[in-house]
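Structural characterization, general
In case you want the letters, here they are:
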Amino acid sequence: MRKDLYHDFKVTPAVASGSKSDAADGIVIDRQGFDSLTFLVNAGAITSAGDFSFKVMESDQAGSGFAQAHDDDVLGDAPGTMVASSAYKLGYIGSKRYVRLDVTKAGGTSIQMGAVALLGRPHLAPIA
């Protein structure tokens, strides 16, 4: 049987795609049943020198208690300012069950962006 990547991970929205004009919390990702998590962020057009970035947040609870993930628990570096027409990848290797991205704004008007989370190394495979 040929091995494929398609059945080895689950993809779920992390930040709804669209125009962002302010800071925002991403969608909470539940890591239960998976050993790895990677965020893929896509930045599109930037309006009026929009200065946006993002960071990984973690918690033991789904609805509260989120704090920025320690640098040792994040693979890759989030940019200080996202660049138009760019893509970014961040891995999370921490122990918290719930993880999300936070979008931050330092200035400017808006950015077109979105993100998905890839949950990998499932406890039960293949993933449908």
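Residues numbered from 1 in each chain as written. Predicted model: local features only at pLDDT ≥ 70, side-chain atom pairs only at ≥ 80, totals over all residues. Heavy atoms only, no water.

1. Notes on the layout of surface pockets
Over the atoms rolls a probe the size of a water molecule, and in doing so it shows where empty space is left. As a volume, the largest pocket reaches approximately 160 Å³. Lining the largest pocket we find Phe54, Lys55, Val56, Gln68, Ala69, Asp71, Val74, Gly76, Asp77, Ala78 and Leu90. Here the lining of the largest pocket is composed, by residue class, of six nonpolar, two polar and three charged. (1 Å grid on protein atoms, 1.4 Å probe; cavity = no way out; pocket = protein on both sides within 12 Å on 5 of 7 lines; lining within 4 Å. Points joined across faces, edges and corners; volume = space filled by probe spheres on them. Nonpolar A, V, L, I, M, F, W, Y, C, P; charged D, E, K, R; others polar.)

2. Topic: the sheet that holds strand 7 (residues 74–75)
In space, the five strands of this open sheet follow the order 1-10-4-8-7, with antiparallel pairing throughout. The sheet is open, and its two borders are formed by strand 1 (9–20) and strand 7, each paired with just one other strand. In the sheet, strand 4 (residues 34–47) pairs with strand 8 (residues 86–92) via seven bridges, with the strands oriented antiparallel. Looking across to strand 8, one finds that Leu37 is bridged to Tyr92. (Pairing = 2+ DSSP bridges. Helix = DSSP H or I, 4+ residues; strand = E, 2+ residues; numbered from the N terminus.)

3. Some details on the pairing of strand 5 (residues 51–59)
With seven of its nine residues buried, strand 5 lies for the most part within the structure. Two strands pair when backbone bridges link them, and strand 5 and strand 9 (residues 98–107) are joined in this way by nine bridges, in the antiparallel orientation. In the strand pairing of strand 9, Asp51 is matched with Gly107. With two bridges connecting them, strand 5 and strand 6 (residues 67–68) associate as antiparallel partners. Each bridged residue has a counterpart across the sheet, and for Met57 the counterpart in strand 6 is Gln68. (Buried < 20%, exposed > 50% of the residue type's maximum accessible area, 1.4 Å probe, protein only.)

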